[in-house]
Amino acid sequence: MAVSGNNAFDVYLPFINLRSGGSWGGGIYSPKWTSTTYTLLTLRSIGIPRTCEAAQRGAQLVLNAQLGETCAPQFYQKLTACDRCIVGMILQLAVYFGIDDARIEAIVDNLLSERLLDGAWNCRRLRHPRPRHSSFHTTFNVLEGLREYIELRDGARRSDVLDAEQRALTFMLEHRLFKSDRTGEVINKKFTMLAFPYRWHYDVLRDLEYFARAGASRDSRVQDAIDLLQARRRNDGRWPVQQKYPGKVFFEMEQIGGPSRWNTLRALRVLRWWDS
């Protein structure tokens, strides 16, 4: 979403404690949800311009602090050890806010090599025994980073990333976006409840929004999720926020149960894609 006029972000930025070092909330990844990482993810999700200098400094700080400033051996060690969710977030912020160096391609290479056999990702992949089933949460944190790479960089692995994206979306289709591929039962009720900001968590609207953004082909296996989205619509034609995730916030953007401008916008984008 592009924001124009007298900069709509003036509404939000005065509430954010931007420190001289370029960080928010006193940390890089924690505290949740006021840290630099989650502040930037929220600002990205409401359409902050890529050219915002404060956000660019913050993204540089996140990348440097989490993984290192160059592609030195320590960088690869940190990259391997880092949760896939966090690596996906770092990639999303780094690409969106214009960081352009060899670390970006190294991150993409790493994520492509870390897929499970079902075609998606799981943060627990270093545990023994290694998980055989991907995590919906992890998969979408990774996919959102890879989608920035597809849209904003003419990277060396673009074709491979597109193939990986398609396989991961097929994995989601096999689950009809929120159901067991074995029993057809809803995997987790929280997957069916709309949130914003969604932080690192998965829900059906986050998935549908991604399908729409990627311009995915219409598939009948999405119908259950579309029906669910339609059922969540309020009598006034808008969609609510149905859940929030505990943690520190700078301020409450919207109230649970009330009409949500952000979820309404997101849902309308999904329906425009589906109906077209």
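Residues numbered from 1 in each chain as written. Predicted model: local features only at pLDDT ≥ 70, side-chain atom pairs only at ≥ 80, totals over all residues. Heavy atoms only, no water.

A. Structural context of the nonpolar core. Core analysis: the largest hydrophobic core is formed by 79 residues, its most contacted members being Ile 107, Leu 177, Leu 208, Phe 211, Val 222 and Leu 229. When residues in this core are grouped by element, the largest group, nine residues, is from helix α4 (residues 84-96). (Core = buried A, V, L, I, M, F, W, Y, C linked by side-chain atoms within 4.5 Å. Buried < 20%, exposed > 50% of the residue type's maximum accessible area, 1.4 Å probe, protein only. Helix = DSSP H or I, 4+ residues; strand = E, 2+ residues; numbered from the N terminus.)

B. Spotlight on the layout of surface pockets. Quantified by volume, the largest pocket comes out at close to 630 Å³. In terms of lining residues, the largest pocket is bounded by 27 residues, among which Ser 45, Tyr 198, Glu 209, Arg 213 and Arg 269 are the most central. Of all the secondary-structure elements, those providing two or more residues to the lining of the largest pocket are α1 (36-45), α4, α6 (136-152), α8 (204-213) and α10 (261-275). A total of six residues in the lining of the largest pocket trace back to one element, the largest contributor, which is α10. When grouped by side-chain class, the residues that make up the lining of the largest pocket number 13 nonpolar, five polar and nine charged. Empty space within the second largest pocket amounts to approximately 340 Å³. (1 Å grid on protein atoms, 1.4 Å probe; cavity = no way out; pocket = protein on both sides within 12 Å on 5 of 7 lines; lining within 4 Å. Points joined across faces, edges and corners; volume = space filled by probe spheres on them. Nonpolar A, V, L, I, M, F, W, Y, C, P; charged D, E, K, R; others polar.)

C. Layout of the pattern of salt bridges. All chains considered together, the criterion is met by 20 salt bridges. Close ionic contact of Arg 153 with Glu 105 constitutes a salt bridge, the shortest N to O distance being 3.4 Å. With Arg 153 in the loop between α6 and α7 (158-174) and Glu 105 in helix α5 (residues 102-113), the pair connects residues that are 48 residues apart, well separated along the chain. Neither Arg 153 nor Glu 105 differs from the other in exposure class; each is buried. (Salt bridge = Lys/Arg side-chain N within 4 Å of Asp/Glu carboxyl O.)

D. Representation of the packing of aromatic side chains in the model. Within this structure, the stated rule accounts for 14 aromatic pairs. An angle of 45 degrees between the planes, with centres 6.4 Å apart, marks the rings of Phe 211 and Trp 273 as tilted. Linking Phe 211 in helix α8 with Trp 273 in helix α10, this pair joins segments that are 62 residues apart in sequence. For Phe 211, a relative accessible area of 2% puts it in the buried group. Every member of this aromatic cluster is reached through a ring pair, and the members are Phe 136, Phe 140, Phe 171, Phe 191, Tyr 202 and Tyr 210. In this arrangement the basic side chain of Arg 50 is found over the ring face of Tyr 96, its NZ or CZ atom lying 5.8 Å from the centre. It is Arg 218 that lies over the ring of Trp 274; its NZ or CZ is 4.0 Å from the centre. (Phe/Tyr/Trp six-rings, centres within 6.5 Å; stacked < 30°, edge-to-face > 60°. Lys NZ or Arg CZ within 6 Å of the ring centre and 35° of its normal.)

E. The arrangement of the state of the cysteines in detail. The final tally for this structure, using the stated rule, is zero disulfides. Cys 82 forms no disulfide, and the closest cysteine sulfur to it belongs to Cys 123, at a distance of 8.3 Å. Here Cys 123 is not cross-linked by a disulfide; its sulfur's nearest cysteine counterpart is in Cys 85, at 3.3 Å. (Disulfide = S-S within 2.5 Å.)

F. Structural view of the packing of helix α2 (residues 53-67) against helix α3 (residues 73-81). Where α2 contacts α3, the axes come no closer than 8 Å and their chain directions differ by 90 degrees. Here α2 lies roughly perpendicular to α3, going by the angle between them. Residues Ala 65, Gln 66 and Leu 67 of α2 form the contact with α3, whose participating residues are Gln 74, Phe 75, Lys 78 and Leu 79. Partitioning the contact of α2 with α3 into residue classes produces four nonpolar, two polar and one charged. (Axes fitted to C-alpha atoms, helices over the stretch in contact; angles between N-to-C directions. Parallel < 35°, antiparallel > 145°, perpendicular 65-115°, else oblique. Contact = heavy atoms within 4.5 Å.)

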